[in-house]
Amino acid sequence: MDSPEKTDGGTATGIQFAAAEKLILRWDSTVSEEARERMIFDGDRQEADRYLNAVDEIQRSMESTDVSVDSSKINGAIQIAMARLEDEFRNILITHTNPLEIESLIDTNNSVMVGHHCRSMSQFNGDVDYSEDQEHENGEHHRGRTSTSYRTTSSIKEIDLIPQEPIADLRSIAERMITAGYLRECIQVYGSVRKSAVDASFRRLGVEKLSIGDVQRLEWDELEAKIKRWIKAAKICVRILFASEKRLCEQIFEELGTNADDACFMETVKGPAIQLFNFAEAISISRRSPEKLFKILDLHDALSDLLPDVDAVFRSKSSESVRIQATEILSRLAEAARGILSEFENAVQRETTKIPVPGGTIHPLTRYVMNYINLISDYKQTLSELIVSKPSMNARFPNGDYMGDFEDPEPENDTPLALHLIWIIMILQFNLEGKSKLYKDNSLAHLFIMNNVHYIVQKIRGSSELQEMIGDDFLRRLTRKFRQAATSYQRATWVGVLHSLRDEGLHVKGGFSSGVSKSALRDRFKTFNATFEETHRAQATWLVPDPQLREELRISIAEKLLPAYRSFLGRYRSHIESGKHPEMYIKFSVDDLEAAVLDFFEGYPVSSLHMRRRSH
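All values derive from a computational prediction rather than experimental measurement.

Student: What is the right way to look at the overall build of the chain in this model?
Tutor: Secondary structure assignment for the chain yields 22 helices and six strands. A fraction of 79% describes how many contacts in the chain between residues 6 or more apart in sequence connect residues 24 or more apart. Total accessible area on the chain stands at roughly 29100 Å², and carbon and sulfur atoms take up 49% of it.

Student: Explanation requested: the nonpolar core in the structure shown.
Tutor: Phe242 and Phe253 are the most contacted members of the largest nonpolar core, which totals 179 residues. Per element, the largest residue contribution to this core is 18 residues, and it comes from helix α9 (residues 220–253). In this view, phenylalanine 242 contacts Val198, Phe202, Cys237, Phe265, Val269, Pro272, Ala273, Leu276, Val313 and Phe314; residues no more than four positions away in its chain are not counted.

Student: How should I be thinking about the pattern of salt bridges in this particular structure?
Tutor: When the charged atoms of two side chains lie near each other, side chains of opposite charge can form a pair. Summed over the entire model, instances satisfying the criterion amount to 36 salt bridges. For the salt bridge of glutamate 245 with arginine 194, the shortest nitrogen-to-oxygen distance reads 2.5 Å. Taken as a pair, glutamate 245 in helix α9 and arginine 194 in helix α7 (residues 183–205) lie far apart in primary sequence, 51 residues in all. Summarising the burial analysis for this pair, glutamate 245 and arginine 194 share the class buried. For the salt bridge of arginine 217 with aspartate 214, the shortest nitrogen-to-oxygen distance reads 2.9 Å. Taking relative accessible area as the criterion, arginine 217 reaches 61% and is therefore assigned exposed. One network of salt bridges, with partners in common, ties together Glu208, Glu222, Lys226 and Arg229.

Student: Just to check I follow, could you spell out the side chain of glutamate 88 for this structure?
Tutor: Within the secondary structure, glutamate 88 sits in helix α4 (residues 71–95). In contact with glutamate 88, other than residues within four places in its own chain, are Met39, Ile40, Phe41 and Ile173.

Student: Where do I start with helix α15 (residues 416–436) in this structure?
Tutor: Three- or four-residue spacings in an α-helix give side chains the same orientation, since the helix completes a turn every 3.6 residues. Given a rise of 1.5 Å per residue, 21 residues ought to cover 30 Å, and the 30 Å separating the end C-alpha atoms of α15 matches this to within 8%. The buried fraction of α15 is high, at 20 of 21 residues.

Student: I keep staring at the packing of aromatic side chains and nothing clicks. Help me out?
Tutor: Aromatic ring pairs: the centre-centre distance and the angle between the two ring planes describe each pair. Summed over the entire model, instances satisfying the criterion amount to 24 aromatic pairs. Summarising the aromatic geometry, the rings of tryptophan 230 and phenylalanine 279 are spaced 6.3 Å apart at their centres and angled 25° between planes, so their arrangement reads as stacked. Of the two residues, tryptophan 230 sits in helix α9 while phenylalanine 279 sits in helix α10 (residues 260–284), which places them 49 residues apart along the sequence. Exposure class is identical for tryptophan 230 and phenylalanine 279. Each is buried. Seen in terms of ring centroids, phenylalanine 532 and phenylalanine 600 are 6.4 Å apart; in terms of plane orientation they differ by 45°. Their pairing is tilted. One end of the pair, phenylalanine 532, is in helix α19 (residues 518–539); the other, phenylalanine 600, is in the loop between α21 (590–597) and α22 (609–612), and 68 residues separate them in sequence. For phenylalanine 600, a relative accessible area of 0% gives the class buried.

Student: Mind showing me how you'd approach the confidence of the model for the chain here?
Tutor: Predicted coordinates in regions of low pLDDT should not be interpreted in detail. Of all residues in the chain, 83% have pLDDT values of 70 or greater, and the mean over the chain is 83. Of all secondary-structure elements in the chain, the lowest mean pLDDT belongs to helix α5 (residues 122–125), at 35, while helix α16 (residues 442–461) reaches the highest, 97. Note that pLDDT drops below 50 for residues 107–111; the model gives that stretch 11 contacts with residues more than four away or on any other chain. Here residues 610–616 is modelled with pLDDT under 50, and outside its nearest four sequence neighbours on either side it reaches 17 contacts, counting other chains as well.

Parameters at a glance
Residues numbered from 1 in each chain as written. Predicted model: local features only at pLDDT ≥ 70, side-chain atom pairs only at ≥ 80, totals over all residues. Heavy atoms only, no water. Helix = DSSP H or I, 4+ residues; strand = E, 2+ residues; numbered from the N terminus. Contact = heavy atoms within 4.5 Å. Areas by Shrake-Rupley, 256 points an atom, 1.4 Å probe, with all protein chains shown as cover. Core = buried A, V, L, I, M, F, W, Y, C linked by side-chain atoms within 4.5 Å. Buried < 20%, exposed > 50% of the residue type's maximum accessible area, 1.4 Å probe, protein only. Salt bridge = Lys/Arg side-chain N within 4 Å of Asp/Glu carboxyl O. Expected span 1.5 Å × (residues − 1). Phe/Tyr/Trp six-rings, centres within 6.5 Å; stacked < 30°, edge-to-face > 60°. pLDDT = per-residue confidence, 0-100.

Quick look at the structure:
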């Protein structure tokens, strides 16, 4: 009588193997037309389960000690089954991938948001969702919070890239491929399909495949737009795309042994992650120039904000290289920012334009430097962390002038960043002093200093952040500087004009005549007329662009000029009018002078005072 394990067809193991082998061969796409045209997991659920059971039976036969099963047949069946499962695995990945809806991930404020079914890490670790920084626009930071944005590790949002039922099938297939020793093949199939999906998302996000050399060859205007786009894309890539890919790997491969989930994750995203961070790396090592500072700081802030998320998503040993790359780029961006600030100081120091600006108005260097400093104050928090060393506080200009201890500021706020800003303003001041010497007219040189230092003061007062860093003491010193320049201008201009209205030298005594010398008086009126007309003609073309300062200066001139002329006219008019042709000497009334003062500092020539005189 036969043993209980045996039947007419052989051992139970052999019979079960034969049945399993038959099913495996039925789905061999190399010999079956039906197998080539249909996918097992697209059809009847029971058929898929039967196939998986057949694979399990083949694998049990490999481990069996029953010699009735031919090992070559077992190996052949396993190879056919693994090839089929590889195809099924690829098909499920392709057909059930949910495309990333990029548009739904960005709201109207350009903040990352979520329109897919997702989970946040805060749901699992109890973190609070914080708002991310709003975009830096028009040179100003406006930091705020919105309900759809987030920061730090709680900002990670994991989207379901594939529905749950296909994930179960993928896991079942992966488990059998790994058990059969086909881990590498499984990883390769998974990585090729998912990397294509990531690449497609990159294209929709505008993340271009540029080498470091490609980035560095781009014009800066083009790079600025790409940096802004990169910051938005990087948030989505790290917090949503890469995080979701990691979760998908865990759902399929976790606890299947051999760190398959980490291996598949890096197979999928390592290339895209390098591509993403290569852009920021190229910016960090590009040639330094002052105009790049603020976009580099934007990049630094964005990457600094993303770094906790990078650490969370790429936390495994196998993805350490991505964490290291991101950290090193952040460090290089910080170094670039420090270098650019130093280069900016040198650029202000080296600026040696030899052409005076017309009319003593504000020099383009002054506008550029103060607008630049104003933007720096918008990045106070970041730069205060990056700028840790104080400026050397010495400078030698290209013309050989040495700044030395020029107006040692002794600031109230002695933080390194504040000292750098004060030092830049001091360099600018010293440079402006040199440029004032380009004017042949001493009065215009004083007006130039007044205009420019006044502009510096107004720019500081216009920013609470900048005023806090500069400090009231240094601001008061700057205010005194432009007021002293205004006083020096008035002295250089009007002392000579008013000198012709003095009484000295007009009176004669002795002999038969005693009183006023008419010839001396006529000469004095002629001198005043000529001097004032020349001053009026010149200073109407000079420019004081600030309306309030222009009005204050006109009032100050009128307060000195009009009373002196009115008094002089009152004392001596009769002496002139009693003689011949008085109109040749008394050309102007007090009202004429008052109207003429209103012509000053408008920056354009006017008709001569002789043609504009009022009748009197």
